[in-house]
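# Notes for the structure review
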Amino acid sequence: MAKLKSIIKWFRKDKKRLIVLGVVLLVLFLVLRGRGKTAAPQYTTSQVEKGTIVASVTASGKVNTANVMEVTSGASGIIKKVYVKDGARVGAGQKLADITLDQSGQQKNAQAWSSYLASKNSLESAKTNLYTLQASSFAANQKFINDAVARDLATDDPTYIQENATWLAAQANYNNQQNVISQATSSVTSAWYSYQQTSPSVVAPSTGVFSNTGLVEGMIVGSDSSSASTGASTSTKLGIIKSAANPILSFNLAEIDVPKVKIGQKATITFDSIPDKTFTGKVVAVDKTGAISNNVTSYPAIIILDTTSDLILPNMSATASIIIETKSDILIAPTSAVQTQSGASTVRVLKNGQVENVEVTTGLSSDTQIEIVSGLQEGDEVVTGTVASTGTRTTSVFGGGFGGGATFRTTAPAGGGNAVIRRGN
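Presented here is a report on the structure given in the accompanying data block. (Residues numbered from 1 in each chain as written. Predicted model: local features only at pLDDT ≥ 70, side-chain atom pairs only at ≥ 80, totals over all residues. Heavy atoms only, no water.)

### Description of the pattern of salt bridges
Tallying each qualifying case throughout the model produces 5 salt bridges. Residues Glu 70 and Lys 237 are paired through a salt bridge, measuring 3.8 Å at the closest nitrogen-oxygen approach. On the criterion of sequence distance, the pair formed by Glu 70 in strand β3 (residues 68-73) and Lys 237 in strand β11 (residues 233-242) is long-range, its members being 167 residues apart. Residue class for Glu 70 comes out partly exposed when judged on its relative accessible area of 45%. (Salt bridge = Lys/Arg side-chain N within 4 Å of Asp/Glu carboxyl O. Helix = DSSP H or I, 4+ residues; strand = E, 2+ residues; numbered from the N terminus. Buried < 20%, exposed > 50% of the residue type's maximum accessible area, 1.4 Å probe, protein only.)

### Re the pairing of strand β18 (residues 338-341)
Bridging between β18 and strand β19 (residues 344-351) involves 4 bridges; their strand directions are antiparallel. Looking at β19, one finds that Thr 340 is bridged to Ser 345. Where β18 folds back on β19, the antiparallel hairpin that results is connected by 2 residues, among which Ser 342 adopts a positive phi of roughly 55°. (Pairing = 2+ DSSP bridges.)

### Some points on the nonpolar core
Core analysis: the biggest nonpolar cluster contains 24 residues, and Leu 249, Phe 251, Leu 253, Ile 269, Phe 271, Ile 303 and Ile 312 have the highest contact counts within it. Every element with two or more residues in this core is listed here: β2 (49-65), β12 (248-253), β13 (266-271), β14 (274-286), β16 (296-305) and β17 (317-334). Top element by residues in this core is β16. It accounts for 4 residues. Ala 75, Val 84, Leu 96 and Val 221 belong to the second largest nonpolar core, which has 17 residues in total. (Core = buried A, V, L, I, M, F, W, Y, C linked by side-chain atoms within 4.5 Å.)

### Describing the packing of aromatic side chains
The final tally for this structure, using the stated rule, is 7 aromatic pairs. Ring geometry for Trp 113 and Tyr 116: centres 5.5 Å apart, planes at 40°, overall tilted. Of this pair, Trp 113 and Tyr 116 both sit in helix α3 (residues 103-149), 3 residues apart, which is roughly one turn of the helix. Overall, the relative accessible area of 37% leaves Trp 113 in the partly exposed class. By relative accessible area, Tyr 116 is classed as buried at 13%. The interplanar angle of 55° and the centroid separation of 5.2 Å between the aromatic rings of Tyr 116 and Trp 192 together place this pair among those described as tilted. Of this pair, Tyr 116 sits in helix α3 while Trp 192 is found in helix α4 (residues 158-198), placing the two residues 76 residues apart along the sequence. (Phe/Tyr/Trp six-rings, centres within 6.5 Å; stacked < 30°, edge-to-face > 60°.)

### Things to note about the side chain of Asp 98
Along the chain, Asp 98 turns up in strand β6 (residues 95-101). Engagement of the side chain of Asp 98 in a polar contact is seen with the side chain of Tyr 83, the distance being 2.5 Å. In contact with Asp 98, not counting residues within four places along its chain, are Ile 78, Ile 79, Lys 80, Lys 81, Tyr 83, Pro 200 and Ser 201. (Polar contact = N/O pair within 3.5 Å; in protein donor to acceptor, adjacent residues only side chain to side chain. Contact = heavy atoms within 4.5 Å.)

### Description of unusual backbone geometry
Even without a glycine there, the phi angle at Asp 152 is positive, about 60°. The residue Asp 152 is located in the loop between α3 and α4 in this model. Asp 152 gets classed as exposed once you look at its relative accessible area, which sits at 69%. For Asp 329, which is not glycine, the phi torsion reads 55° and is therefore positive. Position of Asp 329 relative to the elements: it lies in strand β17. Asp 329 gets classed as exposed once you look at its relative accessible area, which sits at 58%.

### Thoughts on the sheet that holds strand β7 (residues 201-203)
Reading across from one edge, β7-β6-β4-β9 is the order of the 4 strands in this open sheet, with antiparallel pairing throughout. One side of each edge strand has no neighbouring strand; the edge strands of this open sheet are β7 and β9 (220-221). As judged from the 3 bridges shared by β6 and β7, these two strands associate in the antiparallel manner. The residue bridging Lys 95 from the neighbouring strand is Val 203, located in β7.

So far we have only geometry, and geometry alone does not tell us how the molecule works.
As structure tokens, then:
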């Protein structure tokens, strides 16, 4: 006791010591008082409102065709004459330029002509053989009808079996020869295109606007420096022809998304290389067979754009947002407000400073919003998240970070209760 009196006497000798003692005692009092209280939780909320939901599927892909066809030549020599200018509209088969062939070019052209003639001869021989096989099939059929059938032989009679088999074999040879003719016709077409590629005359492969990228009189073509390998042959790119058709793109759908995508659905498309531009299009095909790559299955969907652009080039990377369904004038809430467990959906609703769990029926949803079919009304305030509480009863303002730069106010009721972060305008 005497020791305590001496300590008090020491503090009373100096006012500064008394002030320090008072501050220490106050802090200690506040700390001990705070330990006995539980901080009220803080919530972020949003109001249920009427609006529109657009549900979509996102997929990545690339441009298949940008309506650009290359003008190429397999000839080698010197460009003698150019008949079109850059930007001119040309028709399919129109002559664009003449090439004076060098020795190698003349040899390739002669070989291509020879192959074309050989293909034509093979086609004519196949047609002649077709007539022969047709006659044999008819003769076998008549013998079978006029003999085995006319005599009403049993189907297991050796004569019936032989004549019937002879007729069926002749008919099969005739049908097979028609396939041989189709193959020979394709060979003639291929040989003709090969001849055109080595021809001294360069013609337009399609109708459109010609862009001159390599047609210059006096320029050498067919050299290693100006050629690009195409299959088994070597060709030189001499220009491009752009048609009026719209670009076609291919996108890979995930397994979970492919059942939702239908032909005719609208889509918005963006390109990494074309910033600040969004294109529209529609789905024209969906491959539901799928393809497996690195143990991942994807399903290609083909989209054609509504418009074209000179900025869109073949093989460009693109991202599509395919619109699955749209609903307007419906009750919507943030998807973060809905909790689903055991097939039931619930929402925490803030009423009079207290949080209540309300069971709801949901409908269409997007990445950020969900349709409320029943359980809530327009204007209801729903809890979208919980914020760590500080235990204080001050008012603070948080700006941004909650969508569109909105503000949220944290308040604590004077008489106790939950602190709430309310969304403002």
